[in-house]
Amino acid sequence: MRDQASSLRELVQEKNEYSEPQPAPAYPPAQGGAPASPPPQAAVQEVMPVHKRVFRPTIRTNARVIAITSGKGGVGKTNLAVNLAIAMAKIGRRVMIIDADLGMANVDVVLGTMSKHHLLHLLQPDVQLGDVLIHGPYGVNYISGGSAIERAVDFTPQERKCLMDKLAACETMADIVLVDTGAGLGRNVLDFILAADEVILVTTPEPTALTDAYAVMKAYSMNSEKKDLKIVVNRVYDESESNEVVTKLQRTSEKFLSMPLTSLGFIYEDRSVMNAVKRQQPLLSAFPDTMASRCIEMVAKNVLYGGEHKIRLGWKGFLQRLLNFS
Ligand SMILES: Nc1ncnc2c1ncn2[C@@H]1O[C@H](COP(=O)(O)OP(=O)(O)OP(=O)(O)O)[C@@H](O)[C@H]1O
Ligand SMILES: [Mg+2]
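Here the structure is a predicted model, which is why all the values come from computation and not from measurement. (Residues numbered from 1 in each chain as written. Chains lettered and ligands numbered in written order. Predicted model: local features only at pLDDT ≥ 70, side-chain atom pairs only at ≥ 80, totals over all residues. Heavy atoms only, no water.)

Participant: Would you take a moment to explain the site of ligand 1 for this structure?
Facilitator: Around ligand 1 sit 19 residues, and of these Gly 74, Lys 77, Thr 78, Asn 79 and Asn 234 come closest. One of the backbone nitrogen or oxygen atoms of Gly 76 is found 3.0 Å away from an oxygen atom of ligand 1. Asn 234 is positioned such that a nitrogen or oxygen atom in its side chain is 2.9 Å from a nitrogen atom of ligand 1. When ligand 1 sits alone it has 640 Å² of accessible area, and the protein chains cover 83% of it. Those elements that provide at least two residues to the shell around ligand 1 are α4 (77-90), β7 (229-236), β8 (261-268) and α12 (271-279). (Near = heavy atom within 4 Å. Polar contact = N/O pair within 3.5 Å; in protein donor to acceptor, adjacent residues only side chain to side chain. Areas by Shrake-Rupley, 256 points an atom, 1.4 Å probe, with all protein chains shown as cover. Helix = DSSP H or I, 4+ residues; strand = E, 2+ residues; numbered from the N terminus.)

Right, here's the structure in full:
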């Protein structure tokens, strides 16, 4: 990955590219990063008379499910989830956030939204997916997890099927689903990070945050067959501070866990983050031109374009794992 400071400078120059939301590409790249060729109908449309053309909406039937987690609490997961979603939406991706930090409803606060319903309400026959979806800025959709997953073990097969059926349509609405988890190694947090195809671990440079981040890395490496973890270092004062943290964690991870750790970038310590939270507006809406905003846009670029990513289980696989659906 290139030096983030130089990329940030470029990003500042390219700012116009981000000022307008752009449409998603008509034919998104195939899984695994290889460029996809348009489906055969596209070629046919070239020669067919207009009145016979069949225009189909582009429906991507598998979403990237990315859990955002941390060892220590309060390191910036929710702010990253919400603003990463907005950054990706600004460049044309359809993004959905699941607030899986049970009981805290932090995404509501950061997005400045109010959710009346959460996932558990879907068990009521008259509540449909549209009732639990909150529409945030830039078309980012959001669902509050409530205490649904804590009850997952108690669900009857009918209740599991009901949730599965009602939630399945999410994958046609989003290219990317970001799951904002709680902190630490509780069973609920682990369930979410093991069910997701990709995991972003957020830490700050504080020693306590690093120790807790390592505990998550260890638990993840022992329980996941994917062994592919990404990291974002938040609240740094300069780039070298972030490099130090990443190098330290990467060395430890490779040596003791045999697990690669990929850096997605860093975010500067920036008062505008706190000021945006106070205003109950996402940082990228309230203060788009601050260093923290630019850093998050950089992280978004790295998530989208920074390397190969495979959708292994996708959204349905995520739900199946979470609900133990066989
Ligand atoms: N880059 C930053 N610069 C300055 N302050 C920050 C930054 N990132 C986060 N903060 C501060 O940290 C607070 C906590 O952030 P956030 O709620 O996103 O953390 P969290 O990891 O989701 O917490 P929890 O574990 O409780 O869910 C924010 O309200 C903000 O005041
Ligand atoms: Mg949070």
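Participant: It is not clear to me how the nonpolar core should be interpreted in this structure. Could you clarify?
Facilitator: Side chains of a nonpolar character, in soluble globular proteins, are inclined to be buried together. Membership of the largest hydrophobic core comes to 93 residues, with the highest contact counts inside it found for Leu 84, Ile 143 and Phe 318. When neighbours within four sequence positions are excluded, Ile 143 is seen to be in contact with Met 96, Ile 97, Ile 98, Asp 99, Leu 119, Leu 129, Val 132, Leu 133, Leu 167 and Cys 170. (Core = buried A, V, L, I, M, F, W, Y, C linked by side-chain atoms within 4.5 Å. Buried < 20%, exposed > 50% of the residue type's maximum accessible area, 1.4 Å probe, protein only. Contact = heavy atoms within 4.5 Å.)

Participant: How should I be thinking about the confidence of the model for the protein in this particular structure?
Facilitator: Fine structural detail should not be taken from predicted coordinates in areas where pLDDT scores are low. Of all residues in the protein, 77% have pLDDT values of 70 or greater, and the mean over the chain is 80. A low-confidence stretch, residues 1-58 (pLDDT under 50), is modelled with 66 contacts involving residues beyond four sequence positions or located in other chains. (pLDDT = per-residue confidence, 0-100.)

Participant: Any chance you could explain the pairing of β7 here in plain terms?
Facilitator: The side chains of a regular strand alternate, residue by residue, between the two faces of the sheet. Counting buried residues along β7, 7 of its 8 residues qualify, which places the element largely inside the surrounding structure. Note that strand β6 (residues 198-203) and β7 share 5 bridges and pair parallel. In the strand pairing of β7, Thr 203 is matched with Val 233. Here β7 runs beside β8; their pairing, made up of 6 bridges, is parallel. Residue pairing in the sheet places Val 236 in a bridge with Tyr 268 of β8. Between the parallel elements β7 and β8, the chain passes through helix α11 (residues 239-257) in a crossover that is right-handed. (Pairing = 2+ DSSP bridges. Right-handed = clockwise from strand over helix to strand, strands pointing away.)

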